[in-house]
Amino acid sequence: IIVMLLKSICFIALACSMFISAAQAQSLTQFNAKSSSVRPYFIELYTSQGCSSCPPAETWLSAFSKQTELWQKYFPLAFHVSYWDYIGWKDPYGDRAFSQRQYDHLNAKHTGQVYTPQFVINGQEWRGWFERKLAGVLSKPQLEVGTLSVKIQGLQLQASFDNKISNTAAIELHLALVGAGLETKVSRGENRNKMLQHDFTVLEHQVFKSQPNNSNQFTASIEPVALKDWHAKRYAWVAWVEQNDRPIQAVAAWLDTQQP
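Attention here is on the structure that accompanies the text. Model, not experiment: these values are computed from the prediction. (Residues numbered from 1 in each chain as written. Predicted model: local features only at pLDDT ≥ 70, side-chain atom pairs only at ≥ 80, totals over all residues. Heavy atoms only, no water.)

## Some details on the overall build of the protein
Scanning the protein from terminus to terminus reveals 4 helices and 14 strands. Within the protein, buried positions represent 46% of all 260 residues. For the protein, the proportion of contacts with a sequence separation of at least 24, taken over those separated by at least 6, is 69%. When the accessible surface of the protein is split by element, carbon and sulfur atoms take 54% of a total near 13,800 Å². (Helix = DSSP H or I, 4+ residues; strand = E, 2+ residues; numbered from the N terminus. Buried < 20%, exposed > 50% of the residue type's maximum accessible area, 1.4 Å probe, protein only. Contact = heavy atoms within 4.5 Å. Areas by Shrake-Rupley, 256 points an atom, 1.4 Å probe, with all protein chains shown as cover.)

So this is what it looks like as structure tokens:
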């Protein structure tokens, strides 16, 4: 009887474990995430495989993969710009839209100039990485801004932002496919003959406007994504809301790419 009881307990525990794992599994077409109400640290790195100064900055960004509060408190993203391609090496992750995003920060006076590597944290230029003054900017108390909920079912996206801030400017929803564990052998340019490694690299980026009758609700069809176009070891959906070109709140999770 005792043996049978133990077997029953083990079976129930295993079933519960499988149910919890299945409930938490995230994929390209089955995604559900909800943030806290506190503003996270949204860390943007503007970088390029054509820039010899960029690999150390990307190494620093990669260290966030060991943070226990990754995708909760810290949201690191690497946007590869395209304006370095002219020197002879075309960055496979570079995109003119990412270059434009960097210039949008400049035009909004969030930054003083455009360069690589450049860090922008919560919509504000940060030069502390160059001086290795790393702790201060990531230890400031963050405000209550509201909760972001995002759901993807197939190619349909639904999101809502429980806005707790007084700013009434329009809100945009951003969705990015992010890759980690990427490697590229560079044959030309400033990094020629180097094997470069990348994490938190933005591979695809889509922007959505809010519903006309509700500035904090979003319903849209997302563009299909083909993982075969990339060769990352891990992928994540990262979604965030912006106001006046500044990230406010975000959600993210690593994806189970074995899921349908």
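What follows continues from the structure just given.
## Points about the sheet that holds strand 12 (residues 217-221)
Here we have 4 strands laid out as an open sheet, ordered 1-6-7-12, and antiparallel in their pairing. At either margin of the open sheet sits one strand with a lone partner, and together these are strand 1 (30-34) and strand 12. The average undirected angle you get between the axes of adjacent strands in this sheet is 10°. Where strand 6 (residues 146-153) and strand 7 (residues 156-163) come together, 8 bridges link them in antiparallel fashion. Paired with lysine 151 across the two strands is glutamine 158, which belongs to strand 7. (Pairing = 2+ DSSP bridges. Axes fitted to C-alpha atoms, helices over the stretch in contact; angles between N-to-C directions.)

## With respect to the pattern of salt bridges
Applying the stated criterion across every chain yields a total of 6 salt bridges. For arginine 101, the salt bridge is made with glutamate 242, and the minimal N-O distance between the two is 2.6 Å. Placement of arginine 101 in helix 3 (residues 96-107) and of glutamate 242 in strand 13 (residues 234-243) is noted, with a sequence separation of 141 residues between them. Classification of arginine 101 by relative accessible area gives buried; the value is 9%. Among the ionic pairs, aspartate 162 bridges to lysine 164, the shortest N-O distance being 3.4 Å. Residue class for aspartate 162 comes out partly exposed when judged on its relative accessible area of 39%. When salt bridges with common partners are traced through the structure, they connect Glu44, Arg101 and Glu242 into a single cluster. (Salt bridge = Lys/Arg side-chain N within 4 Å of Asp/Glu carboxyl O.)

## Examining the layout of surface pockets
One way to see where empty space is left: roll a probe the size of a water molecule over the atoms. The computed volume of the largest pocket comes to approximately 400 Å³. Around the largest pocket, the lining is made up of 19 residues, and of these Arg39, Ile121, Asn122, Gln142 and Arg246 lie nearest the centre. Taken together, the elements giving at least two residues each to the lining of the largest pocket come down to strand 5 (124-126) and strand 14 (246-254). A per-element tally of the lining of the largest pocket places strand 5 first, with 3 residues. Residues belonging to the lining of the largest pocket are distributed by class as follows: 9 nonpolar, 6 polar and 4 charged. (1 Å grid on protein atoms, 1.4 Å probe; cavity = no way out; pocket = protein on both sides within 12 Å on 5 of 7 lines; lining within 4 Å. Points joined across faces, edges and corners; volume = space filled by probe spheres on them. Nonpolar A, V, L, I, M, F, W, Y, C, P; charged D, E, K, R; others polar.)

## Concerning the packing of aromatic side chains
A full pass over the atoms with the stated rule returns 17 aromatic pairs. Ring centres 5.9 Å apart and planes at 20° place the aromatic pair tyrosine 41 and tyrosine 74 in the stacked group. Remark: tyrosine 74 occurs in strand 3 (residues 74-80) and tyrosine 41 occurs in strand 2 (residues 41-47); sequence separation between them is 33 residues. Among the aromatic residues, those joined into a ring-pair cluster are Tyr41, Trp60, Phe64, Tyr74, Tyr115, Phe119, Trp126, Trp129 and Phe130. (Phe/Tyr/Trp six-rings, centres within 6.5 Å; stacked < 30°, edge-to-face > 60°.)

## Quick look at the nonpolar core
By size, the foremost hydrophobic cluster in this structure holds 39 residues, and its most contacted members are Ile43, Leu61, Trp71 and Phe119. Put simply, the parts of the chain that give this core at least two residues each are strand 2, helix 2 (54-62), strand 3, strand 4 (118-121), strand 8 (171-180), strand 13 and strand 14. Every residue in contact with leucine 61, bar those within four places of it in the chain, is listed here: Ile43, Leu45, Pro76, Leu77, Ala78, Phe119, Asp199 and Phe200. In this structure, Leu28, Leu157, Val251 and Leu255 belong to the second largest nonpolar core, which totals 32 residues. (Core = buried A, V, L, I, M, F, W, Y, C linked by side-chain atoms within 4.5 Å.)

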